[in-house]
Amino acid sequence: MATDTVNIKITKVEESRINTVDFNNLPFGKFFSDHMFEMDFADGKWQTPTIVPFANLSLHPATSAIHYGQSIFEGLKAQKGENGEVLIFRPDMNAKRFNQSALRMSMEPIPEELFLEGLKALLDLDRDWVSAKEGQSLYIRPFMFATDDYVGIRPSEKYKFVIITSPVGAYYSEPVPVKIETYYTRAAQGGVGKAKAAGNYAASLYPAKLAAEEGYRQLIWTDAKTHEYIEEAGTMNVVFVINDTVITPSEENDTILQGITKKSVLQIAREWGYTVEERKITVAEIIEALKAGTVQDAFGAGTAATIAHISLIGFEGVNYDLPPVETRVLSNRIKNHITDYKKGRVEDKYNWLMRV
Ligand SMILES: Cc1ncc(COP(=O)(O)O)c(C=O)c1O
């Protein structure tokens, strides 16, 4: 779909709510900007895209997403650049992943151009909500769910696509203690782990709660079959540096969400001269390296935190400490670099920023 054919019907708020939000106190995902993008799929096609004042949705009690979980989402961020322009980091990748998720969940794909133009128009209208303060950004949440009012299991014939945005501060400030999970599972081969399906997150809450009772902030997920291989860290991809080599689980199975942050980290690390290995990683080799003291760095990579340092790793009742965060070369350098990149403070050499 060509850009100039995307005709978005815009209804603006009468008065902005921005002055009701305390930008010095921004809990994650609690406040929402003035407008939202909304578009329905019906009669075999996406209907007129609209931008409307942020408001509740009204749903039929039989709305099929509520019953059978055809529901997917994305998460990305916009920053305010030095000269006031709005910068969105790699939104084309989110549009692509969204459609991969839609495919796996038998839902209706959205033309990438439409996804991106909708996002752009929304951010243009709510640009004042993108804070220029250090560490703050506008979190963007596109989502789609099945809207057939029908209690019967089949792919829905109707869908709603919405984009909402939320001003946020820094996600994790402290390094996180994590536990290697060897009973519960996030994703099994042949399942939906590669999709950003709502149910994946619901299923992770109970094991995460149990781990929290033991004092861990996140789980390191392992493969469903043997629990011998490392997969992800909570809602982030996981990266280790051992003996100066960057290692991360490969995405060859359909159990790992293909993270955009991790992909960016690996590309930059390679360019900085690091050896990067995307391969199967066993729990045993990580524990061995922790015992031997050869783990130089361990972190989660994801949109919310960009880089979340891991403070310690728990496995079978033993906690293994990681080196002090100040001594970690890659995670600190890359965190600063990607933060600067998103803010437009370094050259956009990979053409990763969409400007609004
Ligand atoms: C399960 C899972 N893994 C990894 C990631 C990291 O992906 P990204 O870097 O695209 O945010 C996310 C967050 O989106 C996630 O939910």
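Please read all numbers here as calculations on a predicted model, not as lab measurements.

Draft legend 1. Seen up close, the environment of A289. In this structure, A289 sits in helix α6 (residues 283–292). Through-space distance from the C-alpha of A289 to that of Y341 is 32 Å; in sequence the pair is 52 residues apart. With residues up to four places along the chain from it excluded, the contact list for A289 reads I242, T294 and V295.

Draft legend 2. Broad picture of the site of the ligand. Looking at the ligand, there are 13 residues lining it, with G259, I260, T261, G302 and T303 nearest. Sorting the residues of the shell around the ligand by element identifies β13 (236–242), α5 (260–271) and β16 (295–302) as the ones contributing at least two each. Residues belonging to the shell around the ligand are distributed by class as follows: 4 nonpolar, 7 polar and 2 charged.

Draft legend 3. Seen up close, unusual backbone geometry. Phi at D43 is positive, roughly 50°, even though this residue is not glycine. With respect to the secondary-structure elements, D43 resides in the loop between β2 (35–42) and β3 (45–46). Its identity as a non-glycine residue notwithstanding, D244 has a phi of 65°, on the positive side. The residue D244 is located in the loop between β13 and β14 (245–249) in this model.

Draft legend 4. Looking closely at the pairing of strand β11 (residues 218–222). The element β11 is extensively covered by neighbouring structure, given that 5 of its 5 residues are classed as buried. Where burial is concerned, the two faces of β11 agree: the one with Q218, I220 and T222 and the one with L219 and W221 are both buried. In the sheet, strand β10 (residues 176–180) pairs with β11 via 3 bridges, with the strands oriented parallel. Residue I180 lies in a different strand from β11, and its bridge partner there is I220. Read from β10 through helix α4 (residues 198–213) to β11, the crossover connection turns out right-handed. Of the strand pairs in this sheet, β11 and strand β12 (residues 230–233) are connected by 3 bridges, and their pairing is antiparallel.

Draft legend 5. Expanded view of the packing of helix α2 (residues 91–104) against helix α3 (residues 112–125). Close contact between α2 and α3 brings their axes to 9 Å; oriented N to C, the two are set at 130°. Between α2 and α3, the interaxial angle falls into the category oblique. Of the two possible hands of crossing, α2 and α3 adopt the one that is right-handed. Residues P91, D92, A95, K96 and F98 of α2 form the contact with α3, whose participating residues are E112, F115, L116 and L119. Its residues placed into classes, the contact of α2 with α3 shows 6 nonpolar, no polar and 3 charged.

Draft legend 6. How the structure looks around α3. With 14 residues, α3 ought to run about 20 Å at 1.5 Å a step, and its terminal C-alpha atoms sit 20 Å apart, in line with that. Those residues of α3 lying buried are F115, E117, G118, L119, K120, L122 and L123.

Draft legend 7. Local environment of the environment of G199. Within the fold, G199 resides in helix α4. Classification of G199 by C-beta neighbours within 10 Å gives partly exposed; the count is 15. With 130 residues separating them in the primary sequence, G199 and G69 have C-alpha atoms 6.6 Å apart.

Draft legend 8. How the structure looks around α2. With 14 residues, α2 extends 20 Å from end C-alpha to end C-alpha; this agrees with the ideal 20 Å at 1.5 Å per step. Taken together, the buried positions of α2 are P91, N94, A95, R97, F98, S101 and A102. Following α2 by one or two positions, S106 has its phi on the positive side, about 55°.

Draft legend 9. Examining the domain arrangement of the protein more closely. According to the domain assignment, the protein consists of domain 1 (3–170) and domain 2 (176–342). Placing a centre on the C-alpha atoms of domain 1 and another on those of domain 2 gives a separation of 28 Å. The interface of domain 1 with domain 2 comprises 19 residues on the first partner and 12 residues on the second. Those elements that provide at least two residues to the side of domain 1 that touches domain 2 are β5 (71–73), β6 (76–80), β7 (86–89) and α2.

How each quantity is defined
The numbering scheme is per chain: residues are counted from 1 as the chain's sequence reads. For a predicted model such as this one, the threshold for reporting local features is a pLDDT of at least 70, and the threshold for listing and counting side-chain atom pairs is 80 or more; totals across whole chains, interfaces and linings nevertheless cover every residue. Per the convention used, a helix needs a DSSP run of H or I reaching at least four residues, while a strand needs a run of E reaching at least two, with both numbered from the N terminus. Once C-beta atoms are placed from the backbone, any two residues with those atoms within 7 Å are in contact. Using a C-beta atom placed from the backbone, a residue is scored as near a molecule or strand whenever that atom is within 6 Å of it. Each residue receives one of three labels: charged for Asp, Glu, Lys and Arg, nonpolar for Ala, Val, Leu, Ile, Met, Phe, Trp, Tyr, Cys and Pro, and polar for the others, Gly being one of them. Exposure classes come from backbone-placed C-beta atoms, where a residue is buried if 20 or more other C-beta atoms lie within 10 Å of its own, exposed if 12 or fewer do, and partly exposed in between. DSSP calls a pair of strands paired once it identifies at least 2 bridges connecting them. When the strands point away from the viewer and the connection leading from the first strand across the helix to the second strand turns clockwise, the crossover is called right-handed. All axes are obtained by fitting lines to C-alpha atoms, using only the stretch in contact for helices, and the reported angles, taken between N-to-C directions, cover 0 to 180 degrees. Orientation labels follow simple angle bins: below 35 degrees gives roughly parallel, above 145 gives roughly antiparallel, 65 to 115 gives roughly perpendicular, and whatever is left gives oblique. The crossing is said to be left-handed when, going from far helix to near helix, the turn is anticlockwise and less than a right angle, and right-handed when the turn is clockwise. One fewer than the residue count of a helix, multiplied by 1.5 Å, yields its expected span. Domain extents, as shown, originate in an automatic or database domain assignment.

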